[in-house]
Amino acid sequence: MMKKLVLIVALFFTPYNAFSDFIDAKWKVVSLSGEAWFADPRLTLGKTQEFNRGYAEGVFYSCNFAGQSATYNVYTTEKFLANKEFEKFKKLNIKFDSNKIFVHRITCNGKKGSDRRLMYPFVTQDNSNKGYYLFEGAIYHLEYDYIKD
């Protein structure tokens, strides 16, 4: 009985980072598809977006331990591309590595009301280091090289 309990506790606390519902990493903007309406792509390409346990800093969104929370919904690729909200992904022919798509909503309450922030939709996929952020008329392609512990 004790061995089972130790195994369960070890599995629970051992990070298994192959799941892409996990966003805590330093993501690099590697390219974009579509049209950046007002944002200058030269100010985003090659830049990073980092999430780390309630802290976020980057080219799209920041939250300095000021009440950050994140939720996500899971879609199959087919249901994701059929969703009118994400039609730009279909229109721009974005190809996914997995049939399991995670759509994250990341919010920051801020230290005062004017500090409130939202990053949505931040899209990741199962067993992949690739992510996408739909902003204005463009989809920004992001990748991470490592996972922070």
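Before any of the text, the structure's been laid out above.
Everything numeric in this text was worked out from a predicted model, so none of it was measured.

*Asks:* Report on the overall build of the protein chain, specifying residues and quantitative values.
*Replies:* Along the protein chain, the regular secondary structure elements total 3 helices and 9 strands. Here the protein chain, with 149 residues, has 36% of them falling under the buried criterion. Counting only contacts in the protein chain whose residues sit at least 6 apart along the sequence, the fraction spanning at least 24 positions is 58%. Surface exposure of the protein chain reaches about 9,300 Å², of which carbon and sulfur atoms provide 54%.

*Asks:* Tell me about the state of the cysteines, and please be specific about residues and values.
*Replies:* The final tally for this structure, using the stated rule, is 1 disulfide. In this model, Cys63 is linked to Cys108 through a disulfide, with the two sulfur atoms separated by 2.1 Å. On the S-S bond that ties Cys63 to Cys108, the torsion sits near 70°, and the link is right-handed. With Cys63 in strand E4 (residues 63-64) and Cys108 in strand E6 (residues 100-108), the pair connects residues that are 45 residues apart, well separated along the chain.

*Asks:* Go over the pairing of strand E2 (residues 48-52), please, and point to the residues and values.
*Replies:* The buried fraction of E2 is high, at 4 of 5 residues. Where strand E1 (residues 25-35) and E2 come together, 3 bridges link them in antiparallel fashion. Looking at the pairing, Lys28 lines up with Thr48 of E2. In this structure, E2 lies alongside strand E3 (residues 55-58), joined through 4 bridges in antiparallel fashion.

*Asks:* Describe the pattern of salt bridges, and please don't skip the residues or the numbers.
*Replies:* According to the stated counting rule, one finds 3 salt bridges in the structure shown. One salt bridge connects Arg42 with Asp40, and the closest N-O pair in it is separated by 2.9 Å. We note a salt bridge from Lys84 to Glu87, for which the minimum N-O separation is 3.8 Å.

*Asks:* Got a sec to walk through the environment of Lys95? Specific residues and values, please.
*Replies:* Along the polypeptide, Lys95 turns up in the loop between helix H3 (87-91) and E6. Overall, the relative accessible area of 57% leaves Lys95 in the exposed class. Spatially, the C-alpha atom of Lys95 lies 9.3 Å from that of Thr77, the residues being 18 residues apart in sequence. Polar side-chain contacts of Lys95 include one of 3.1 Å to the side chain of Asn93.

Thresholds applied
Residues numbered from 1 in each chain as written. Predicted model: local features only at pLDDT ≥ 70, side-chain atom pairs only at ≥ 80, totals over all residues. Heavy atoms only, no water. Helix = DSSP H or I, 4+ residues; strand = E, 2+ residues; numbered from the N terminus. Buried < 20%, exposed > 50% of the residue type's maximum accessible area, 1.4 Å probe, protein only. Contact = heavy atoms within 4.5 Å. Areas by Shrake-Rupley, 256 points an atom, 1.4 Å probe, with all protein chains shown as cover. Disulfide = S-S within 2.5 Å. Pairing = 2+ DSSP bridges. Salt bridge = Lys/Arg side-chain N within 4 Å of Asp/Glu carboxyl O. Polar contact = N/O pair within 3.5 Å; in protein donor to acceptor, adjacent residues only side chain to side chain.

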